[in-house]
Amino acid sequence: MAKEQRRLVIYISGLYSGPNPSPGVGIARSLRAAYPNATLVGVDYSNRSSGLHWVDFDEIWLQRPWDELDLKEYATQIKRILKGGALWISGLDLETIWLADELAEHPNLLVPPVSALNQVKKPAIPACEGMPVKIPPFIPTSVSERDLYTFCRKHGWPVWVKGPWYQARLVRSWREVKAACAELAETWATSTLFLQKHIVGREESIAFAAYRGELLDAVYMEKRDITPEGKTWAGHISRVPSDLLDPLRSVIQHLEWTGGAELEMMRDGEGDLWLLEWNPRFPAWIHGSTIAGYNFPALLVERATGIPYVTSEPQSPEFTRVVLEVPARAEYPLPPLPEPHPGQSILILKHPSGMPTLAKRLRNTAASIIIKRTPDTIELVKKDDESDTALWNLIRVEIDRIDLKLSAKLDTPKWLFFESVAYFLFESMARASNQTTVPIVKAAYSVKTNPDARFLDLARQFGFLAETISQKEIDKAVSRGFTMEQIVLNGPGKWWPDGRRRRAPLHALFCDSIEEFENVLKVIQTDHPLSQIIGVRIRPPQIVSRFGIPVASFDAFRKLVQLVKILPSGYKLGIHFHIPSSEIGLQAWWRLFDSMLNWGKAIEAASGRKIQVIDIGGGFFPEDLQMEIQTRISHLRRSALRALPGLEEIILEPGKALTQPAMGLATRVLEMRRSVSGTTEVVVDGSIAELPDIWHYPHRVVWMRPEGSWKLLEQPGTSRIMGRLCMEGDILAENINVPREIRKGDILIFLDSGSYDRSMSYAFGRG
Amino acid sequence: MLSDADKELNSAVEKFSHFIPSIILHHGKDCCVMAHEWFKALDISFLIDGSIYSAPSWIRSQWKWGGMDWPLFWCQVPDLKTLDCGALAALSCEAFRQRGLSVFSVQLIQRFSLHDAYHWDRKWAEKGLLSNWISGSLVYHEACAVLIGPNQVRVWDPTDNTWLRPSQCGGYATTVAVRFVAEGYPAKIDVLKWEYLVIPSNTWIKIC
């Protein structure tokens, strides 16, 4: 046997052994235990790869970095090695793909066939059909920005931005989505990225070895410790449960899999398994499996060669990593650290295996079929919904109406009001909230969202309440015909600027703090009724917010209950919570709604006082209001009444959803800057001073052609639109497709800017 | 012939056999109503992924672990900074129960070291508390079992903020014996399944 083993030569690639390691060292350790006399040759593409110095390698075959290698020559050399009887176990995903494509199922090449690799490409992983696992919803970034943003809102923050092979970024806002996409696209030189829903749960994995479709064995690994990057540091090994193993065996047979693999999964609170990745190689923790008595690299080699391996006793079902210093090989001296690039404060060495470089090179090879492959199945964002289409059609009509003759003289930047869009939004909200049975639903218009008189008039016309945050806003609402009985007052500075001026009672008043509630109670008991409804704003414990009473503190809750108990019986008691669904996601908003009802129940039970009014909202995205909230008002009412049986009124304040699509900012092109690479920079006379909300969500941009037609600029693209200000941050659009025909003097309209863009715009750079 | 470890465990089981799972008492007045309602609403607030099976890990970030006086009433809970494993387990069971799940108190014996036991003994003594939960290197501990399927439970340990697994047997900080207290459950449950272990209820079982 020793003689047979001596004949055995095994090439193992992927030797980096840092915080985010490749499996080469683990494979070598396992093979050394099983084949003490075999020749193990370590392969890597950087002399900075730490595993080069691992003692179990008899030889090192160091290659030049991927961008220097002649791939044809390299393939020829590997072919020669394989022909000589050596085996090759790859520890690098992209190398696996390249080898599978280039050397097409050579018997000594222990990697899966191309057809199998196609089936395990993330994020869809079609191979897993029939297995008791789910795939988290995802969407490729090649769709429009609005669709991406809809995906984020639907599934809630955070979401993952993932690269085609490695790397992922957990992002919590639209701005972070944009930044992560830009970073990963640059690293991998591809726009083939995707967003994926974040699954909360425990990380678990399956590792297996297979040969020509035969599952040799598999283990289950539960992580016991992870690195800051989420990589395994310690784990517990056990047998794969039969409900997973049996279907896995069938899948492997169908795929005709050869080599190692790892299925990375997440188990959620309900116990469901979500498959995140199917890596076409052994995991970096594979020697942990060997420690537990399952030596898969040895099993694979034995099956491929017929040479039996030396079995060893299981040492422990658990493994952990430790940091070890090992002597560096004299023949591979450690290179000094390179100098940081200009502008870098610290040196960051990334990807010593050179995978991004290989990805770039493979884009022009047959293997790119796998690399570039677009996902097969996508959980598409609900598109072309009836109301969404209706809204867009109205916007189109409004743009069609723009008089180009006038636009030539347009004093830009200029706000455009889309009357029919605004009417549609207010009318549909009024229709949806028209509930005559208790609890009645009253729509409210938040004056601060956009105090434009045209919106206020529509709100009054459709019977909305006016939600205000200051005495000046009350004055504005009254000036547009609202009575005091139609006004809701909330916010932390509601008495500004002139204190408690004696006015007729408001419809509702919501206190923002315990201190304010105490003062309001004093006033209404001794002086003036202030409002028919007296309530408090609740600060949800799970949300970072500066507003409302922090009920997570028992002290605050106790004081709140004590104050509620002394609210005179002639007043109705209300609670209020406003959180923008666009910032926390729709699912989270509905959970927050349920949570608020529970706080209402708690206040009722502790105080003995019924909650009669709730005020909810805080900023929906227009499509969410149309599709999600207005269609579920009956559900919302039922839930609220079930939790709070004394409820009489629900105030629904949808915020920016009523105004955002109803205005656009017309800007004029000041300059076109075109580079030889095809990238265009457009400078316009608008700026972040007019569009301060530009980076919080996607804005559509329309180009008015000089001859009268118009075009919606598409995304993604390679150009950007910059504002007029001499400020680094004054960038209005990135990754946008700017047609070559656009000229100086043309009009670009930034749509979706009718809410906080308009109301928070400021004078800047105007002297 | 029993090993020393077996003898120590038998002795501990005998010592802890009369221990009953910790419960939080209610004065039946506003003071406890307010605290109880606050606790329930707070738990629902932290159901971040929306699953009622999610661990109430927020409890451990609200209260430190340590010795405390018993009995414990609901109205005392919010103002305490430190709760012992029994109180943490009782709170966890209450959180799961009010979400609509069936729960059972879990009593455990866990193995640590004599060295640890001395430290705990001193810390408890400093507060004038009895350390009768320590028996040599074995300690009495409490957790909460949640019914997730027919007779199938998961065991939440709020002290360590982790789901306990029976697979770790022997060694430091592992569970060596367990008793699931299924009294009071509406339907009679004679046995409970904790992963691969089938455990008769209301009986101390050595699992390791």
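What counts and how
- Residues numbered from 1 in each chain as written.
- Chains lettered and ligands numbered in written order.
- Predicted model: local features only at pLDDT ≥ 70, side-chain atom pairs only at ≥ 80, totals over all residues.
- Heavy atoms only, no water.
- Axes fitted to C-alpha atoms, helices over the stretch in contact; angles between N-to-C directions.
- Helix = DSSP H or I, 4+ residues; strand = E, 2+ residues; numbered from the N terminus.
- Parallel < 35°, antiparallel > 145°, perpendicular 65-115°, else oblique.
- Contact = heavy atoms within 4.5 Å.
- Nonpolar A, V, L, I, M, F, W, Y, C, P; charged D, E, K, R; others polar.
- Disulfide = S-S within 2.5 Å.
- Core = buried A, V, L, I, M, F, W, Y, C linked by side-chain atoms within 4.5 Å.
- Buried < 20%, exposed > 50% of the residue type's maximum accessible area, 1.4 Å probe, protein only.
- Phe/Tyr/Trp six-rings, centres within 6.5 Å; stacked < 30°, edge-to-face > 60°.
- Lys NZ or Arg CZ within 6 Å of the ring centre and 35° of its normal.
- Pairing = 2+ DSSP bridges.
- Domains from an automatic or database assignment.
- Buried area = accessible area lost by both parts, 1.4 Å probe.
- Salt bridge = Lys/Arg side-chain N within 4 Å of Asp/Glu carboxyl O.
- Left-handed = near helix turned anticlockwise from the far one by under 90°.
- Polar contact = N/O pair within 3.5 Å; in protein donor to acceptor, adjacent residues only side chain to side chain.
- Expected span 1.5 Å × (residues − 1).

Moving on, we come to the packing of helix H7 (residues 174-188) of chain A against helix H11 (residues 355-362) of chain A. Residues and elements named next belong to chain A. Running from amino to carboxyl end, H7 crosses H11 at an angle of 70 degrees, the nearest separation of the two axes being 8 Å. Considered as vectors, H7 and H11 are oriented roughly perpendicular to each other. On H11, the residues that touch Glu186, Thr187 and Trp188 of H7 are Met355, Pro356, Ala359 and Lys360. Of the residues assigned to the contact of H7 with H11, the class counts are four nonpolar, one polar and two charged.

Moving on, we come to the state of the cysteines. Residue and element names in this part refer to chain B. A complete count under the given rule lists one disulfide over all chains for this structure. A disulfide bridge connects Cys93 with Cys144, and the sulfur atoms are separated by 2.5 Å. Across the S-S bond linking Cys93 and Cys144, the dihedral sits near 125 degrees, which makes this disulfide right-handed. In this pair, Cys93 sits in helix H4 (residues 85-98) while Cys144 sits in strand E5 (residues 138-149), placing the two residues 51 residues apart along the sequence. As a non-bridged cysteine, Cys85 has Cys93 as the owner of its nearest cysteine sulfur, 12 Å distant.

Time to look at the nonpolar core. Counting residues in hydrophobic clusters, the biggest one holds 145 residues, and the most contacted among them are A:Phe557, A:Leu560, A:Phe593, A:Ile614, A:Ile721, A:Leu748 and B:Trp63. Per-element accounting of this core gives the leading share, 10 residues, to helix H21 (residues 586-607) of chain A. Leave out the neighbours within four places in its chain, and A:Leu748 touches A:Leu665, A:Ala666, A:Thr667, A:Val669, A:Val682, A:Val684, A:Val701, A:Val702, A:Trp703, A:Leu713, A:Ile721 and A:Ile742. Counting residues in each nonpolar core, the second largest holds 49 residues, with A:Trp188, A:Leu358, A:Ala359 and A:Leu362 among its members.

Applying the stated rule across the entire model yields 53 aromatic pairs over all chains. With 5.5 Å between their ring centres and 50 degrees between their planes, A:Phe426 and A:Tyr445 make a pair best called tilted. Here A:Phe426 is found in helix H15 (residues 419-432), whereas its partner A:Tyr445 is found in strand E16 (residues 440-446), with 19 residues between them in sequence. Exposure class is identical for A:Phe426 and A:Tyr445. Each is buried. Where B:Phe112 meets B:Tyr172, the ring centres are 5.3 Å apart and the plane angle is 80 degrees; that geometry is what we call edge-to-face. With B:Phe112 in the loop between strand E3 (103-111) and helix H5 (114-126) and B:Tyr172 in the loop between strand E7 (162-164) and strand E8 (174-181), the pair connects residues that are 60 residues apart, well separated along the chain. Taken together, the aromatic side chains of A:Phe554, A:Phe557, A:Trp599, B:Trp38, B:Phe39, B:Phe46, B:Trp58, B:Trp63 and B:Trp74 make up a single cluster linked through ring pairs. Here the basic side chain of A:Lys162 rests over the ring of A:Trp160, its NZ or CZ set 5.9 Å away from the ring centre. Positioned above the aromatic ring of A:Phe417, the side-chain terminus of A:Arg454 is 4.2 Å from the ring centre.

All names here are of chain A. A cis amide bond links Trp157 with the next residue in sequence, Pro158, at an omega value of 0 degrees. Mapped onto the fold, Pro158 is located in the loop between helix H6 (145-155) and strand E6 (159-162). Of note, the bond from Thr412 into Pro413 is cis; its omega dihedral lies within 30 degrees of zero at -10 degrees. Tracing the backbone through its elements, the reader meets Pro413 in the loop between helix H14 (404-409) and strand E15 (414-417).

With that out of the way, let us pick up the sheet that holds strand E1 (residues 9-13) of chain A. Residues and elements named next belong to chain A. Spatial ordering of the open sheet is given by E3-E2-E1-E4, a layout of four strands whose pairing is parallel. The open sheet has two edge strands with one neighbour each: strand E3 (59-62) and strand E4 (87-89). Neighbour-to-neighbour, the strand axes of the sheet open up by a mean angle of 25 degrees, direction not taken into account. One ladder, built from three bridges, connects E1 with E4; its direction is parallel.

What follows deals with the domain arrangement of chain A. Residue and element names in this part refer to chain A. Annotation of chain A at the domain level lists domain 1 (2-129 + 201-335), domain 2 (138-198 + 342-349 + 356-372), domain 3 (387-401 + 407-413 + 660-759) and domain 4 (418-658). Contacts between the two partners involve eight residues from domain 2, matched on the other side by nine residues from domain 4. It is Arg146, Arg153 and Trp157 that lose the most area in domain 2 upon contact with domain 4, and together they represent 62% of the buried surface on that side. Counting every contact that joins domain 2 to domain 4 gives two salt bridges. Counting residues per element, the side of domain 2 that touches domain 4 draws most heavily on H6, at five residues. A class-by-class count of the residues in the side of domain 2 that touches domain 4 yields two nonpolar, two polar and four charged.

With that out of the way, let us pick up the packing of helix H2 (residues 30-45) of chain B against H4(B). All names here are of chain B. It is at 10 Å that the axes of H2 and H4 come closest, and there the two elements cross at 70 degrees. With respect to H4, the axis of H2 lies roughly perpendicular. By crossing handedness, the relation of H2 to H4 is classed as right-handed. Contacts between H2 and H4 involve His36, Phe39, Lys40, Asp43 and Ile44 on the former and, on the latter, Leu91, Glu94, Ala95 and Gln98. Counted by class, the contact of H2 with H4 contains four nonpolar, two polar and three charged residues.

A few words now on the interface of chain B and chain A. Taken together, the contact pairs 26 residues of chain B with 26 residues of chain A. Here chain B packs against chain A, burying approximately 2200 Å² in sum over the two surfaces, 57% of which is carbon and sulfur. If you sort the residues of chain B by the area they bury against chain A, B:Met34, B:Trp38 and B:Ser45 come out on top, with a joint share of 26%. Taken together, chain B and chain A are joined by three salt bridges. A salt bridge links B:Arg165 to A:Glu222, with the nearest nitrogen and oxygen atoms 2.0 Å apart. Our count for the chain B to chain A interface comes out at eight residue pairs in polar contact (both at pLDDT 80 or more). In terms of residue count, the dominant contributor to the side of chain B that touches chain A is H2(B) (10 residues). Of the residues assigned to the side of chain B that touches chain A, the class counts are 14 nonpolar, six polar and six charged.

What follows deals with helix H19 (residues 554-565) of chain A. Helix length check: H19(A), at 12 residues, gives a terminal C-alpha distance of 16 Å against a target of 16 Å (1.5 Å per residue), a fit within 8%. Looking at the packing, one finds that the buried side of H19(A) touches helix H18 (514-526), strand E20 (531-539), strand E21 (549-550), strand E22 (572-578) and H21 of chain A together with H2 of chain B.

Time to look at the sheet that holds strand E8 (residues 194-197) of chain A. Residue and element names in this part refer to chain A. With antiparallel pairing, four strands are arranged side by side in an open sheet as E5-E8-E6-E7. Only two strands of the sheet have a single partner each, and these edge strands are strand E5 (138-140) and strand E7 (168-171). Between one strand and the next, the sheet's axes are offset by a mean angle of 20 degrees, whatever the strand orientation. Sheet topology places E6 next to E7; four bridges connect them, and they run antiparallel. Bridge assignment links Val161 to a residue of E7, and that residue is Arg169. Against the sheet, H6 contacts E5, E6 and E8, and its axis sits at roughly 15 degrees relative to E8.

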